[in-house]
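Observations on chain architecture
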Amino acid sequence: MAADVIAAAHQGGASIFVNGVDPGFGNDVLPLVMTGISERIEQVRCIELLNYATYDQAEVLKDLMGFGTSMDDLPFILNPGVLTLAWGSVVYQLAAGLDVELDGTEESYERYPAPEDFEIPTGTIPKGTQAGLRFEVRGMKDDKAVVVLEHVTRLRDDLAPEWPQPAGQGCYRVVITGEPMYTVDMQLLGTDGDHNTAGLKASAMRIVNAVPDVIAAAPGLVTALDLPMITGRGLVRT
């Protein structure tokens, strides 16, 4: 799918870096750095654990993800192949960073209904409509899920209590199963006290801070596997 864009980049001498926090830092550099202290790896799992209530984007929440819509209606994001279209690159990039050639990917999801009517900034979530969403994209090798991208998204903290819970107000979690076993939580919080503000700024700053290294990179599509460590050079304020 990227072939024409990559060809144009080579022709025009441009470098392209597509990133953010998810897909991006939370499930490329962060887990790959963690694998560098492993003896044996059975599975790398990257999880977004967020309450989306303050994510004030009605089109994304309702039209794309299905929040506030009937549990009988399948939201766009859950149509077969869409999850892999959106997050499959994460799974394949992690596998490439671990020198694993995947056999393919699998998708799964769960939905959770609102127990009563309640309000979020984008409007009313009626009782019985979707108020929680959990999904996975699994990278498979020899019938085993070796790399997993998981999202656990709620509109209220008390919903789906049996699903994984975040650290702090919201986090990106990396779980490495093997020897040893590791769990790292990257908590998000903006100076306004909101975790979704932090997530949006993290997505933007990942791109902004990468600009010098992307410009210096060879023409074509570059990924986190191609770039040097991107740091907050020049951002310290004293």
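Described below are features of the structure shown in this document. (Residues numbered from 1 in each chain as written. Predicted model: local features only at pLDDT ≥ 70, side-chain atom pairs only at ≥ 80, totals over all residues. Heavy atoms only, no water.)

Moving on, we come to the overall build of the protein chain. For the protein chain, the helix and strand inventory stands at 5 helices and 10 strands. Relative to the compact-globule value of 18 Å for 238 residues, the protein chain shows a C-alpha radius of gyration of 19 Å, a close match. Long-range contacts, defined as pairs at least 24 residues apart, comprise 67% of the intrachain contacts of the protein chain with a sequence gap of at least 6. Of the roughly 12,400 Å² that the protein chain leaves accessible, carbon and sulfur atoms contribute 56%. Looking at the protein chain, you have 16 positive and 33 negative side-chain charges, and the mean spots of the two groups are 4 Å apart. (Helix = DSSP H or I, 4+ residues; strand = E, 2+ residues; numbered from the N terminus. Rg over C-alpha atoms; globule rule 2.2 N^0.38 Å. Contact = heavy atoms within 4.5 Å. Areas by Shrake-Rupley, 256 points an atom, 1.4 Å probe, with all protein chains shown as cover. Lys, Arg positive; Asp, Glu negative; His and termini not counted. Charge placed at Lys NZ, Arg CZ, Asp CG, Glu CD.)

In this section: helix α5 (residues 195-216). The terminal C-alpha atoms of α5 lie 33 Å apart, and with 22 residues this matches the ideal 32 Å at 1.5 Å per residue to within 8%. Of all the bends in α5, the greatest, near 50 degrees, is centred on Ala-210, and the proline Pro-212 appears no more than four residues after it. Along α5, the residues that are buried comprise His-195, Asn-196, Ala-198, Gly-199, Arg-206, Asn-209, Ala-210, Asp-213 and Val-214. Looking at the packing, one finds that the buried side of α5 touches β1 (15-17), α2 (29-35) and β2 (40-51). Looking at where α5 begins, the residue whose side-chain oxygen comes 3.0 Å from the main-chain nitrogen of Asn-196 is Asp-194. (Expected span 1.5 Å × (residues − 1). Bend = angle between axes of the 7 residues up to and from the residue. Buried < 20%, exposed > 50% of the residue type's maximum accessible area, 1.4 Å probe, protein only. Polar contact = N/O pair within 3.5 Å; in protein donor to acceptor, adjacent residues only side chain to side chain.)

Let's shift gears to the side chain of Asn-209. Within the secondary structure layout, Asn-209 lies in helix α5. We classify Asn-209 as buried; its relative accessible area is 19%. Beyond its immediate sequence surroundings of up to four residues, Asn-209 is in contact with Ile-230, Thr-231, Arg-233 and Leu-235.

If you trace the 6 strands from one edge of the open sheet to the other, you get β3-β6-β7-β2-β8-β9, paired in mixed fashion. The sheet terminates laterally at β3 (104-113) and β9 (182-187), the two strands that pair on one side only. Geometrically, the sheet is characterised by an average inter-axis angle of 15 degrees between neighbouring strands, direction not taken into account. Contacting β2, β3, β6 (130-141) and β7 (144-154), helix α4 (residues 82-97) runs over the sheet at an angle of about 45 degrees to β6. (Pairing = 2+ DSSP bridges. Axes fitted to C-alpha atoms, helices over the stretch in contact; angles between N-to-C directions.)

Turning our attention to the side chain of Arg-134. Turning to its location among the elements, Arg-134 is positioned in strand β6. Among the residues examined, Arg-134 registers a relative accessible area of 19% and is labelled buried. Within polar-contact distance, the side chain of Arg-134 engages the side chain of Glu-150 at 2.8 Å. Not counting the four nearest positions on each side in its chain, Arg-134 is found in contact with Ser-108, Tyr-109, Glu-110, Glu-150, His-151, Val-152, Trp-163 and Pro-164.

This part is about the nonpolar core. Ile-77, Trp-87, Phe-118 and Leu-149 are the most contacted members of the largest nonpolar core, which has 41 residues in total. Contributions of two or more residues to this core are made by α2, β2, α4, β4 (118-120), β6, β7 and β8 (171-179). With 7 residues, the top contributor of residues to this core is α4. Apart from the residues within four sequence positions on either side, Ile-77 is in contact with Leu-64, Met-65, Val-82, Leu-83, Trp-87, Leu-133 and Phe-135. (Core = buried A, V, L, I, M, F, W, Y, C linked by side-chain atoms within 4.5 Å.)

The subject of this paragraph is the packing of aromatic side chains. Taken as a whole, this structure holds 3 aromatic pairs when the rule is applied. Relative to Phe-135, the ring of Trp-87 has its centre 5.0 Å away and its plane inclined at 45 degrees; by these criteria the two rings are tilted. Here the residue Trp-87 occupies a position in helix α4, and Phe-135 occupies one in strand β6, the gap between them amounting to 48 residues. Here the two residues Trp-87 and Phe-135 agree in accessibility, since each one is buried. The ring of Phe-118 has Arg-156 lying over it, and the distance from NZ or CZ to the ring centre is 4.8 Å. (Phe/Tyr/Trp six-rings, centres within 6.5 Å; stacked < 30°, edge-to-face > 60°. Lys NZ or Arg CZ within 6 Å of the ring centre and 35° of its normal.)

By themselves, these are just geometric observations and shouldn't be taken as functional.
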